[in-house]
Amino acid sequence: MKIMIAGASGLIGTQLAADLQRSGHDVAAASLSLGVNTVTGKGLEAAMTGAEVVVDVTNAASFGDNSALDFFKASTKNLLAAAAQARVRHYLALSIVGTPRLVESDYFRAKAVQENLIRASARPYTILRSTQFYEFINGVIDIGAEGNVVRLPPASARPVAAHEVAAFLAELATGDPLGNIIEIGGPEQFGIDDIARIYLAANEDQRQVITDPSTSYFGVELTGDVLLPHVGARVATQKLSDWLYRSMAA
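Residues numbered from 1 in each chain as written. Predicted model: local features only at pLDDT ≥ 70, side-chain atom pairs only at ≥ 80, totals over all residues. Heavy atoms only, no water.

A.B. asks: Please explain the pairing of strand β1 (residues 2-6) as it appears in this structure.
C.D. replies: Remember that side chains alternate between the two faces of the sheet whenever the strand is regular. Of all 5 residues in β1, 4 are buried, a share of seventy percent or more. By the bridge criterion, 5 bridges tie β1 to strand β2 (residues 26-30) in an arrangement that is parallel. Bridge pairing links isoleucine 5 to alanine 29 in β2. The β-α-β motif built from β1, the intervening helix α1 (residues 11-22) and the parallel element β2 has right-handed crossover chirality. In this sheet, strand β3 (residues 53-56) lies alongside β1 in parallel orientation, the contact comprising 4 bridges. Across the sheet, the residue bridging to isoleucine 3 is valine 53, located in β3. (Buried < 20%, exposed > 50% of the residue type's maximum accessible area, 1.4 Å probe, protein only. Helix = DSSP H or I, 4+ residues; strand = E, 2+ residues; numbered from the N terminus. Pairing = 2+ DSSP bridges. Right-handed = clockwise from strand over helix to strand, strands pointing away.)

Set out below in structure tokens:
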């Protein structure tokens, strides 16, 4: 099966491509660094030719202002149009758990627009929402970093290893479109502040984490369980401690 991956040079895209190739699939890797620009449409037609499935793991370069919205609107419209022209049978996209409940954030509003464009299209689709990746914990810490302290909210999350998300995407890509949104999350639940404490301690980083519910998360104040996947979500297996051990040993 030929599977086109948009965003193939990113964290998830590279692992997804490797998983699919190991399973014997023909992978068309598409990204800006590989000469395919989903925002302008350059190279899309050639990359999509002959593909049965498109996996959209593209991401905006910026999480602030309107740039993310501009990116996802243009990129998703171009990908859907190219998929229609190529008669792709399954459009699979990666999104984020909590997206509909966090639209006060510029970035999450952009992701909601992406989801809505896919759902409104004539393409058979599946959307996978994932919780935050372990690999991005450092980026979350940067949100609240102020000198020697880090201020983060206590909102609960179930972080997940990127390779398990990629593996689930590979499974979904080779199956039938679900015409629905499904979710994946990690096996453990922590407060965002506690995740940061565990990560910093493991890396012998002496910065102090201060619990501050008013600290925004990508531009929005978190309340309740907005970052937790719904009942019935796929539960990944790798625990944070195991991921930390492997990442530091690598």
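We are not done yet, so read on.
A.B. asks: Could you clarify how one ought to interpret the layout of surface pockets in this entry?
C.D. replies: Over the atoms, a rolling probe the size of a water molecule traces out where space has been left empty. Each pocket or cavity is described by its volume, and for the largest pocket that value is around 880 Å³. Taken together, 43 residues make up the lining of the largest pocket; nearest its centre are Thr58, Asn59, Tyr107, Phe133 and Phe136. Going through the elements one at a time, α1, β4 (90-96), α4 (106-120), α5 (137-144) and α7 (192-202) are the ones with two or more residues in the lining of the largest pocket. The leading source of residues in the lining of the largest pocket is α5, at 4 residues. The residue makeup of the lining of the largest pocket, split by class, is 27 nonpolar, 15 polar and 1 charged. (1 Å grid on protein atoms, 1.4 Å probe; cavity = no way out; pocket = protein on both sides within 12 Å on 5 of 7 lines; lining within 4 Å. Points joined across faces, edges and corners; volume = space filled by probe spheres on them. Nonpolar A, V, L, I, M, F, W, Y, C, P; charged D, E, K, R; others polar.)

A.B. asks: Honestly, the packing of aromatic side chains in this entry has me stumped. Any pointers?
C.D. replies: Centre distance and the angle of the planes are the two values used to describe a pair of aromatic rings. Counted under the stated rule, the structure contains 7 aromatic pairs. On the basis of an interplanar angle of 80° and a centroid distance of 4.9 Å, the ring pair of tyrosine 217 and phenylalanine 218 is categorised as edge-to-face. Residue class for tyrosine 217 comes out buried when judged on its relative accessible area of 6%. In this structure an aromatic cluster arises from ring pairing among Phe71, Phe72, Tyr107, Phe108, Tyr217 and Phe218. The lysine or arginine in question, arginine 234, covers the ring of phenylalanine 168, its NZ or CZ lying 3.9 Å from the ring centre. (Phe/Tyr/Trp six-rings, centres within 6.5 Å; stacked < 30°, edge-to-face > 60°. Lys NZ or Arg CZ within 6 Å of the ring centre and 35° of its normal.)

A.B. asks: Got a minute to help me understand the pattern of salt bridges in this structure?
C.D. replies: Opposite charge on two side chains allows them to pair when their charged atoms are near. Applying the stated criterion across every chain yields a total of 11 salt bridges. Across the pair arginine 101 and aspartate 225 runs a salt bridge, and its minimum N-O distance is 3.9 Å. Of the two residues, arginine 101 sits in the loop between β4 and α4 while aspartate 225 sits in the loop between β11 (208-211) and β12 (234-235), which places them 124 residues apart along the sequence. Judged by its relative accessible area of 35%, arginine 101 is partly exposed. Overall, aspartate 225 belongs to the partly exposed group, its relative accessible area being 46%. Put simply, arginine 197 and aspartate 193 hold a salt bridge, and the shortest N to O gap is 3.4 Å. Of this pair, arginine 197 and aspartate 193 both sit in helix α7, separated by 4 residues, roughly a single helical turn. (Salt bridge = Lys/Arg side-chain N within 4 Å of Asp/Glu carboxyl O.)

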